[in-house]
Amino acid sequence: MKRRKFDPVSLSHTRLRLLQMLMATLLVYFLITSFDTHWDSGDENDAPFELLSDTSLPTQGPLRDSPRIMRESKRVSGLVFEEKKKKKKTGFDGNASKAGGVHALHEAAVEAWRAGKKLWAEIESGKVELDNNNKYENRSDPCPHSFSVSGSEFRARNRVMVIPCGLTLWSHVTVVGTPRWAHPEYDPKIAVLKEGAGALMVSQFMMELQGLKNVEGEDPPRILHFNPRLKGDWSNKPVIEQNTCYRMQWGLSLRCEGWRSRADEETVDGQVKCEKWIRDDDDQSEESKAIWWLNRLIGRTKKATVDWPYPFVEGRMFVLTLSAGLEGYHISVDGRHVTSFPYRTGFVLEDATGLYVNGDVDVHSVFAASLPTSHPSFAPQMHLEMVTKWKAPPLPYGRVELFLGILSAGNHFAERMAVRKSWMQHKLVKSSRVVARFFVALHGRKEVNVELMKEVEYFGDIVIVPYMDNYDLVVLKTIAICEYGVRTAPAKYIMKCDDDTFVRVDAVLKEARKARKHRSLYIGNLNYHHKPLRFGKWAVTYEEWPEEDYPTYANGPGYIISSDVAKFILSEFEKNKLRLFKMEDVSMGMWVEQFNNSRPVKYVHSLKFCQHGCIEDYYTAHYQSPRQMICMWGKLQDGKPQCCNMR
């Protein structure tokens, strides 16, 4: 008789698969407790914990190549881990620190591990208590249809107004403010010094629609960045710049500089992207404007167009309204349409859960209306289609050709589901010749972890890396991918990608096979002689990276290494000799370079591992939204590796 979906036998089987995968990730405990690697002598005899021998693990099945597991005074998956009697005191447990102070990356790892360990214990016990003030975000309480805040309230909220359920079609937000008078800008990163003069006079502000933060250390996505520069920038003319920032990567900016959009340029809901305003180099004056209006009043209407001044003036109040249309955002100032910005991939309207205004402007009030009264994307289970077809096939008992480790975050339910329904349906993956797994750390919101555990149990394709997710600690997931691809699903080649990367599985495997005579491989979109930024938001200090150049490294959205490189990484790590850096792709380049000193590595560069978006005949395409993933998979079924550049 056919079993029901959740009968005890089936449920026990899925739980067993979950426990097997979780055991494989306990290497991360060793990873973080050994995080002194860059500063320590690397003596194996000084390791802070004893290790169980590999012979204590099963000799067959998915755990036959699992990592050595730390002895700890707790029971996990039926195995007892005993604490070593004498621990070495390290900066990890707070009992000692390095002479020069603990490195910021080390401190972040320590804190992430402590928080993750506490939360993991709650999850294992099944007693996760949700914060009463932060219930599941598919709330039963309806969101307001409209609301407003005063300028003082807005400032008290750090210039952020929360839009509880995001936006919907024809939602609109109105900001009343006054630009401040220009001030001298002395910052050399911003100021453009006039010839023989002092600092440039600057007056500018920004208004942003932002999304929720994904992980600690990662900036919220900028769904719309609107930046009026009243005194201009390098153009010396007033401009308005608009852009988006997806996964901390800025797109191509749309600059409105006073010229009306070309007649042959695409419109947004019938509106031009940029309206014209009076410029200093226009052969027009206020007098000519007055004459035009006079002629119109007396019936002389030869000319049916009129140009307006730049919409923002220092010290003069404005009323700005942002509305959401079918094809994009529309912004009007004092009742006049100024710009329209088409929607970009990666976002949906309800993702815009915050309005942020900052810079040289005083905000008097903010009003939002026509808002949705519920937030569909706050219900994670909506993204999960519990269909057997999307489950991962069982791990094979022999070696596989390619292991794909996919970096993901706890709340990226929609992204993982899109990957499952697109390129993870490739026949090479379904036949287990290629194995793909998501690598996810614990999320700061407990309810996300509860939903994540359901996803883990059902689909069987997620490896939990038990620390609290942090943007600067992605390198830990990369090491976990190497470990899994060497010991749990031993593969000839190991590939790392992101959950917004579309992968042509057969194409990347073919690229690896082409260089098969070279045992040691490093394949991707390679960067040569890149230098670290020493100033600004993305600054890397000399303590973090003392060298003037980065090693040759492949862009993080998709690269391949051979198994011997991955084994070397694990070996050096376990001997406390592996240098770690917060940029995981640079770290991989550094490790490959170190390996290359003893054994030649074949470096293979290809632009078809796309860093920014997608190109025709791609191997991988980055920054692809869930909708694009499904579209690209459909085209691939027709034999056409084409992009889906949806707006």
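Okay, so let's go over this structure. Since the model is a prediction, treat every value here as computed from it, not as a measurement. (Residues numbered from 1 in each chain as written. Predicted model: local features only at pLDDT ≥ 70, side-chain atom pairs only at ≥ 80, totals over all residues. Heavy atoms only, no water.)

Observations regarding the side chain of arginine 344
And step 1. Positionally, arginine 344 belongs in the loop between β15 (336–342) and β16 (354–359).
And step 2. Within the buried set, arginine 344 has no salt-bridge partner at all; the shortest N-O distance to an opposite charge, 8.6 Å, is to glutamate 266.
And step 3. Engagement of the side chain of arginine 344 in a polar contact is seen with the side chain of asparagine 243, the distance being 2.9 Å.
And step 4. At 3.4 Å, the side chain of arginine 344 and the side chain of threonine 244 are in polar contact. (Helix = DSSP H or I, 4+ residues; strand = E, 2+ residues; numbered from the N terminus. Buried < 20%, exposed > 50% of the residue type's maximum accessible area, 1.4 Å probe, protein only. Lys, Arg positive; Asp, Glu negative; His and termini not counted. Salt bridge = Lys/Arg side-chain N within 4 Å of Asp/Glu carboxyl O. Polar contact = N/O pair within 3.5 Å; in protein donor to acceptor, adjacent residues only side chain to side chain.)

Quick notes on the pairing of β15
And step 1. Where burial is concerned, most of β15 is hidden: 7 out of the 7 residues are buried.
And step 2. When strand β14 (residues 328–333) meets β15, the two strands line up antiparallel, connected through 6 bridges. Paired with valine 333 across the strands is arginine 336, a residue of β15.
And step 3. Taken together, β14 and the strand that follows it, β15, pair antiparallel across an intervening segment of 2 residues, in which aspartate 334 is found at a positive phi of about 55°. (Pairing = 2+ DSSP bridges.)

Observations regarding a nonpolar patch on the surface
And step 1. Residues Leu169, Trp170 and Leu326 make up a contiguous nonpolar surface patch of roughly 330 Å² in combined accessible area.
And step 2. Its location among the elements puts tryptophan 170 in the loop between β4 (160–162) and β5 (172–179). (Patch = residues over 30% accessible without salt bridge, like charges linked within 9 Å, V, L, I, M, F, W, Y side chains within 5 Å. Areas by Shrake-Rupley, 256 points an atom, 1.4 Å probe, with all protein chains shown as cover.)

Describing the environment of valine 456
And step 1. With respect to the helices and strands, the residue valine 456 is situated in helix α8 (residues 446–459).
And step 2. Taking C-alpha positions, valine 456 is 9.8 Å from phenylalanine 438, a pair spaced 18 residues apart along the chain.

Observations concerning the nonpolar core
Within soluble globular proteins, side chains that are nonpolar tend to cluster in buried spots.
And step 1. By size, the foremost hydrophobic cluster in this structure holds 102 residues, and its most contacted members are Leu404, Trp423, Tyr522 and Ile561.
And step 2. Looking at this core, the element that brings in the most residues is helix α9 (residues 474–488), giving 9 residues.
And step 3. Setting aside residues no more than four positions away along its own chain, tryptophan 423 makes contact with Leu404, Ile406, Val429, Ala436, Cys497, Thr501, Phe502, Val503, Val505, Met629 and Trp633.
And step 4. Formed by 44 residues, the second largest nonpolar core is a distinct cluster that contains Leu167, Leu230, Val361 and Val366. (Core = buried A, V, L, I, M, F, W, Y, C linked by side-chain atoms within 4.5 Å. Contact = heavy atoms within 4.5 Å.)

By themselves, these figures tell us nothing about what the structure is for.
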